Protein chains: 2
Amino acid sequence: MIEADIFKALADPTRRKVFEKLAGGSLNASALRDGLEISQPAMSQHLAVLRAAGLVREQRQGRFVNYEVDPDGIVAIGAWLARYRAYWPQRMEALADLLKDMDQ
Amino acid sequence: MIEADIFKALADPTRRKVFEKLAGGSLNASALRDGLEISQPAMSQHLAVLRAAGLVREQRQGRFVNYEVDPDGIVAIGAWLARYRAYWPQRMEALADLLKDMDQ
DNA sequence: GTGATACATAAGCGTGTGCTTATGTATCGT
DNA sequence: ACGATACATAAGCACACGCTTATGTATCAC
């Protein structure tokens, strides 16, 4: 069950912050650290969890490892959420439009 | 942060099973137990977590307490997911249609 | 080659989580 | 009123989780 890893990964607040940072674009592990008061090994461990969950993927570039959001993870969450379509208050597309607007 | 409670709640496999059972319709705590090898207090605790996360809501009916999916929780997940819209492989509506088909 | 930088991994530790057993509270049947 | 049923709560315990420090590996600059 891949959902198990996904929800576990997202249960941690630091990992959610990291993931949201990556929503703005690709970043390396060091760049992901600043702003967050976290040690280098802790970040490395968090990234390993996110990667194992399929939420993030990496790309080596010399000494740096660039991380980016893995669309597969997003799809998996969407797939899970789709099972509860009967409880969506309206079409998810409409919700998405709503949320896009309140995104500042 | 309500997402914290939501993802934490869904991180547990038993709670996800309970939640998916409720996707089929309202059920009381005892009915939710069968199939799952879990004690009565454990189920009660899991339901308390799901309720606190806004994923489930209850309705007393005599001695029984009926639980059902709370659309607010679904909306909250959809709202969070909407932040990553840039990484959706296509429109979520299309994904939803796809998933509805492979839902046996 | 040598030192510095970027990141991963290992080991150990405090804390949170999910379970159990035991008990409490409320409603139903008689 | 009394026992049974449905569920919640309390306390205690084993284990998982996230952190730290220490160390390993790989790439860059010179």
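Our subject is the structure listed above.
In this text the structure is predicted, and so the values were computed from the model without any measurement.

### Focus: the sheet that holds strand β2 (residues 56-61) of chain A
Right, on to step 1. Here three strands make up an open sheet; going across it, the order is β1-β3-β2 (chain A) and the pairing antiparallel. Each edge of the sheet is formed by a strand with only one pairing partner; in this case those strands are β1 (27-28) and β2 of chain A.

### Let's talk about the pairing of strand β2 (residues 56-61) of chain B
Residue and element names in this part refer to chain B.
Right, on to step 1. Sheet topology places β2 next to strand β3 (residues 64-69); six bridges connect them, and they run antiparallel. The residue of β3 that forms the bridge with Gln61 is Phe64.
Right, on to step 2. A loop of two residues connects β2 with β3, the two strands running antiparallel in sequence, and Gly62 in this loop sits at a positive phi of about 70°.

### Points about the pattern of salt bridges
Close approach of charged atoms lets side chains of opposite charge pair.
Right, on to step 1. The tally for this structure, following the rule as stated, stands at eight salt bridges over all chains.
Right, on to step 2. The salt bridge partner of Arg83 of chain B is Glu20 of chain A, with a shortest N-O separation of 2.7 Å. Remark: Glu20 of chain A occurs in helix α2 (residues 13-23) and Arg83 of chain B occurs in the loop between α5 (71-82) and α6 (92-101); the pair is interchain, linking two chains.
Right, on to step 3. Residue classification places Arg83 of chain B among the partly exposed positions, given a relative accessible area of 42%.
Right, on to step 4. A salt bridge links Arg57 of chain B to Asp70 of chain B, with the shortest nitrogen-to-oxygen separation between them at 4.0 Å. In this pair, Arg57 of chain B is assigned in strand β2 and Asp70 of chain B in the loop between β3 and α5, connecting sequence segments 13 residues apart.
Right, on to step 5. Beyond isolated ion pairs, a larger network of salt bridges with shared partners links Arg57, Glu68 and Asp70 of chain A.

### A closer look at the pairing of strand β3 (residues 64-69) of chain A
Right, on to step 1. Taken together, the two bridges between β1 of chain A and β3 of chain A define a ladder with antiparallel strand orientation. If you follow Asn28 of chain A over to β3 of chain A, its bridge partner there is Asn66 of chain A.

### Overview of the protein's contact with DNA strand C
Right, on to step 1. Taken together, 22 residues lie near DNA strand C, and Ser30, Ser44 and Tyr67 of chain A together with Ser39 and His46 of chain B sit nearest.
Right, on to step 2. For DNA strand C, the fraction of protein-proximal atoms (within 4 Å) that sit in sugar or phosphate groups is 65%.
Right, on to step 3. Measuring from a phosphate oxygen of DNA strand C, one finds a backbone N or O atom of Ala29 of chain A at 3.3 Å.
Right, on to step 4. At 2.2 Å from a phosphate oxygen of DNA strand C is found a side-chain nitrogen or oxygen belonging to His46 of chain B.
Right, on to step 5. When residues of the surface near DNA strand C are traced back to their parent elements, those giving at least two are α3 (29-33), α4 (40-52) and β3 of chain A together with α2 (13-23) and α4 (40-52) of chain B.

Criteria and cut-off values
Residues numbered from 1 in each chain as written. Chains lettered and ligands numbered in written order. Predicted model: local features only at pLDDT ≥ 70, side-chain atom pairs only at ≥ 80, totals over all residues. Heavy atoms only, no water. Pairing = 2+ DSSP bridges. Helix = DSSP H or I, 4+ residues; strand = E, 2+ residues; numbered from the N terminus. Salt bridge = Lys/Arg side-chain N within 4 Å of Asp/Glu carboxyl O. Buried < 20%, exposed > 50% of the residue type's maximum accessible area, 1.4 Å probe, protein only. Near = heavy atom within 4 Å. Polar contact = N/O pair within 3.5 Å; in protein donor to acceptor, adjacent residues only side chain to side chain.

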